[in-house]
Protein chains: 4
Amino acid sequence: MLTARAEIRVRYAETDAMGIVHHANYFSWFEVARITLLDQLGLPYRQLEAEGNRLPLLGAEIRYLRPARFDDRLTVHLEIREKPGVRMTCHYRITRGEGDACEELTTGATHHCWVDLDSRPCRPHPRFHDAWERAHQATGG
Amino acid sequence: MLTARAEIRVRYAETDAMGIVHHANYFSWFEVARITLLDQLGLPYRQLEAEGNRLPLLGAEIRYLRPARFDDRLTVHLEIREKPGVRMTCHYRITRGEGDACEELTTGATHHCWVDLDSRPCRPHPRFHDAWERAHQATGG
Amino acid sequence: MLTARAEIRVRYAETDAMGIVHHANYFSWFEVARITLLDQLGLPYRQLEAEGNRLPLLGAEIRYLRPARFDDRLTVHLEIREKPGVRMTCHYRITRGEGDACEELTTGATHHCWVDLDSRPCRPHPRFHDAWERAHQATGG
Amino acid sequence: MLTARAEIRVRYAETDAMGIVHHANYFSWFEVARITLLDQLGLPYRQLEAEGNRLPLLGAEIRYLRPARFDDRLTVHLEIREKPGVRMTCHYRITRGEGDACEELTTGATHHCWVDLDSRPCRPHPRFHDAWERAHQATGG
């Protein structure tokens, strides 16, 4: 399993007239967590693109459990649970607070396809593949 | 079944560095179609709020089949297929072009809860309920 | 003088927790009016790019006189008042309502530079230049 | 003078099809710097609202000197140079990089009005006023 965490502080521009975060913004936060994961693997997204790969979305789901509000400090937890092939799924949980006060606000997933710069499906970048293998062995998987 | 159609022209601000529409923006277009449906039923969202109802999201899904691009003219097709109760699901298709050249870009759904202004679940607004009943009878449902 | 008008209906996603439109969104509406002007001149922005030109922003100003709200129908009025050279300024007014009930919500301007695809400053596209000359003669300028 | 600095990392969702950051997003970053200033003064914006004040925009200007790109690490420098009264101006510079490699990308300003919750103009919040006075004395102003 590959995991990453990203810290988000809710911007005023991300709220709507209901006084809570507009539902479309959570997808941008999921994206921040994906960028963070790639950084951790030593493969920043800019470099990934420069080396000929992209990770477009095939689909996504989200469940809204509790609303996020302006100025909230949130944590986006990302997990890749299944071995990434041409297709890859990222799972997310967004939480607010720590310890006993920790609340789950959102769960979701995004489904991606590894493609080259001509948009042809391809295998995951070798460094990404290796990171998965190392993480898998470390957990005795 | 209740249906609505909204016409969207893609704005430059909605694109991203891949040269296509950023995936989060489709949810704002789904929202435009919901507003259009309420208008058609003689129950604009502003009035709905003024009369004590809101329609927050419980969840959503989306599948991206083909990318939308800057300046594309798109149609968002909305359908409510099941009788709305406290919970209500809206289904969407986004298409580009007409007739034989019509392409499906996206399909999706949003799941909502009818609530009052204290965020307590409630029945659909009477005018919304009546619209469903009329549409249902018209189709011999 | 070159002029264009674009009709905007305020989306829920464009509001913020103050219950009004977030101030950054007006710039996207100004952009919609620029696209409309180019359409009117028979030189859609997509074609302009395909023919080797871009119109990046050098700067902008805006004054907020009255807030726009969800579902408002607005008109963005665009004027190019000075002969476009390498640099070009677009002036904007955003209004709500018609006739005696017409209110001015916003005034502003965006400053642009005509560039080629290598980002080198260049003259306005010939069709744009011609449109200015024709409009100028028509008004006895 | 009151000053604050906010660190921004450019999100993919903030780019557009030109491959650079869309010009409207800089205003959201200016806003992040204002929130940071209020935090530093022990007067978070949420508390400011709870105590009956708001800071709507009257206007804004911006100059774009160099484009920001995806994944850039930027610093937003905020300065309040003139004594805040009912009206208050915030000045901004956005920079990328440190030391000799530091580049200025953007300069700008936002003009605000202190209002109460009924949108009537009012004096700055006492804690804000005091912070200005202390900063002013410290610099021998």
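Remember, predicted model here, so these are calculated numbers, not experimental data.

**Section: the relation of the copies chain A and chain B**
The two chain copies are related to each other by a rotation about an axis together with a translation along it. Overlay of chain A on chain B (RMSD 0.0 Å): rotation 180°, translation along the axis 0.0 Å. Both chain copies can therefore be described as sitting about a two-fold axis. No C-alpha of chain A approaches the rotation axis more nearly than that of A:Glu61, which lies at 2.1 Å.

**Examining the packing of aromatic side chains**
One pass over the structure, following the stated rule, counts 34 aromatic pairs over all chains. On the basis of an interplanar angle of 85° and a centroid distance of 5.9 Å, the ring pair of B:Tyr45 and C:Phe70 is categorised as edge-to-face. Residue B:Tyr45 is located in helix α2 (residues 45–50), and its partner C:Phe70 is located in the loop between β3 (57–64) and β4 (73–80); the two belong to separate chains. Residues B:Tyr45 and C:Phe70 agree in their burial class; the two are buried. By the ring-pair criterion, three or more aromatic residues cluster together here, those being A:Phe27, A:Phe30, A:Tyr92, B:Phe27, B:Phe30 and B:Tyr92.

**A few points about the interface of chain A and chain B**
Across the contact, 21 residues belong to chain A and 21 residues belong to chain B. Applying the counting criterion to the chain A and chain B interface returns 0 salt bridges. Where chain A meets chain B, there are 6 residue pairs in polar contact (both at pLDDT 80 or more). Broken down by secondary-structure element, the contributors of at least two residues to the side of chain A that touches chain B are α1 (25–40), α2 (45–50) and β3 (57–64) of chain A.

**Structural notes on the pairing of strand β4 (residues 73–80) of chain A**
Residues and elements named next belong to chain A. A large share of β4 lies buried, amounting to 6 of its 8 residues. Across 8 bridges, the pairing between strand β1 (residues 2–9) and β4 is antiparallel. By the bridge assignment for β4, Arg-9 is matched with Arg-73. Note: β4 against strand β5 (residues 87–96), 6 bridges, orientation antiparallel. Bridge pairing in β5 places Leu-74 opposite Arg-96. Taking the residues that link successive antiparallel strands as the turn, the β4-β5 hairpin has 6 residues.

**Quick notes on the environment of C:His23**
All names here are of chain C. In this structure, His-23 sits in the loop between β1 (2–9) and α1 (25–40). Take His-23: its relative accessible area is 8%, and that puts it in the buried class. In sequence terms His-23 and Ala-68 are 45 residues apart; their C-alpha atoms lie 9.4 Å from each other.

**Focus on the pattern of salt bridges**
Tallied over the entire structure, the rule returns 60 salt bridges over all chains. Of the charged contacts in the structure, one is a salt bridge between A:Arg127 and A:Glu51, with a shortest N-O distance of 3.5 Å. Of this pair, A:Arg127 sits in helix α3 (residues 126–138) while A:Glu51 sits in the loop between α2 and β2 (53–54), and the two are 76 residues apart along the sequence. By relative accessible area, which is 32% here, A:Arg127 ends up partly exposed. Ionic pairing is found between C:Arg120 and C:Asp118, a salt bridge with its closest N-O pair at 3.2 Å. Judged by its relative accessible area of 49%, C:Arg120 is partly exposed.

**Quick word on the interface of chain C and chain A**
Each partner contributes residues to the interface: chain C has 8 residues there, and chain A has 8 residues. Approximately 730 Å² of surface area, both sides summed, lies buried where chain C meets chain A, with 66% of it carried by carbon and sulfur atoms. The interface formed by chain C and chain A holds 0 salt bridges in total. At the surface where chain C touches chain A, the tally comes to 6 residue pairs in polar contact (both at pLDDT 80 or more). Of the residues in the side of chain C that touches chain A, the class split is 4 nonpolar, 3 polar and 1 charged.

**Things to note about unusual backbone geometry**
Of note, C:Asp71 is a non-glycine position whose phi angle comes to about 75°, a positive value. With respect to the element layout, C:Asp71 can be found in the loop between β3 and β4.

**Concerning the relation of the copies chain C and chain A**
Each copy of the sequence occupies a distinct position, and chain C is placed on chain A by a rotation of 180° and an axial shift of 0.0 Å, giving an RMSD of 0.0 Å. Taken as a fraction of all interface residues of chain C, those also at the interface in chain A reach 100%, which identifies the copy contact as same-surface.

**Concerning the sheet that holds β1(A)**
Within the open sheet, the 10 strands sit side by side as β1(A)-β4(A)-β5(A)-β6(A)-β3(A)-β3(B)-β6(B)-β5(B)-β4(B)-β1(B). Their pairing is antiparallel. Because the sheet does not close on itself, it has two edges, and the strands there are β1 of chain A together with β1 (2–9) of chain B. Adjacent strand axes in the sheet meet at a mean angle of 15° when their direction is disregarded.

**Focus: the sheet that holds strand β5 (residues 87–96) of chain C**
With antiparallel pairing, the 10 strands of this open sheet are ordered in space as β1(C)-β4(C)-β5(C)-β6(C)-β3(C)-β3(D)-β6(D)-β5(D)-β4(D)-β1(D). What marks the edges here is a single partner per strand, and that holds for β1 of chain C together with β1 (2–9) of chain D. Strand-to-strand twist in this sheet, taken as the mean axis angle between neighbours without regard to direction, amounts to 15°. With respect to the sheet, helix α3 (residues 126–138) of chain C is in contact with β1, β4 and β5 of chain C, its orientation differing from that of β1(C) by roughly 105°.

**Side note on the pairing of strand β6 (residues 103–113) of chain D**
All names here are of chain D. Counting buried residues along β6, 8 of its 11 residues qualify, which places the element largely inside the surrounding structure. For strand β5 (residues 87–96) and β6, the ladder comprises 10 bridges, and the chain directions are antiparallel. Paired with Cys-90 across the strands is Thr-110, a residue of β6. Here β5 hands over to β6 after 6 residues, with Gly-97 in that stretch at a positive phi of 85°.

Calculation criteria
Residues numbered from 1 in each chain as written. Chains lettered and ligands numbered in written order. Predicted model: local features only at pLDDT ≥ 70, side-chain atom pairs only at ≥ 80, totals over all residues. Heavy atoms only, no water. Least-squares fit on C-alpha atoms with pLDDT ≥ 70 in both. Phe/Tyr/Trp six-rings, centres within 6.5 Å; stacked < 30°, edge-to-face > 60°. Helix = DSSP H or I, 4+ residues; strand = E, 2+ residues; numbered from the N terminus. Buried < 20%, exposed > 50% of the residue type's maximum accessible area, 1.4 Å probe, protein only. Contact = heavy atoms within 4.5 Å. Salt bridge = Lys/Arg side-chain N within 4 Å of Asp/Glu carboxyl O. Polar contact = N/O pair within 3.5 Å; in protein donor to acceptor, adjacent residues only side chain to side chain. Pairing = 2+ DSSP bridges. Buried area = accessible area lost by both parts, 1.4 Å probe. Nonpolar A, V, L, I, M, F, W, Y, C, P; charged D, E, K, R; others polar. Axes fitted to C-alpha atoms, helices over the stretch in contact; angles between N-to-C directions.

Limitation: the analysis is restricted to geometry and does not speak to function.
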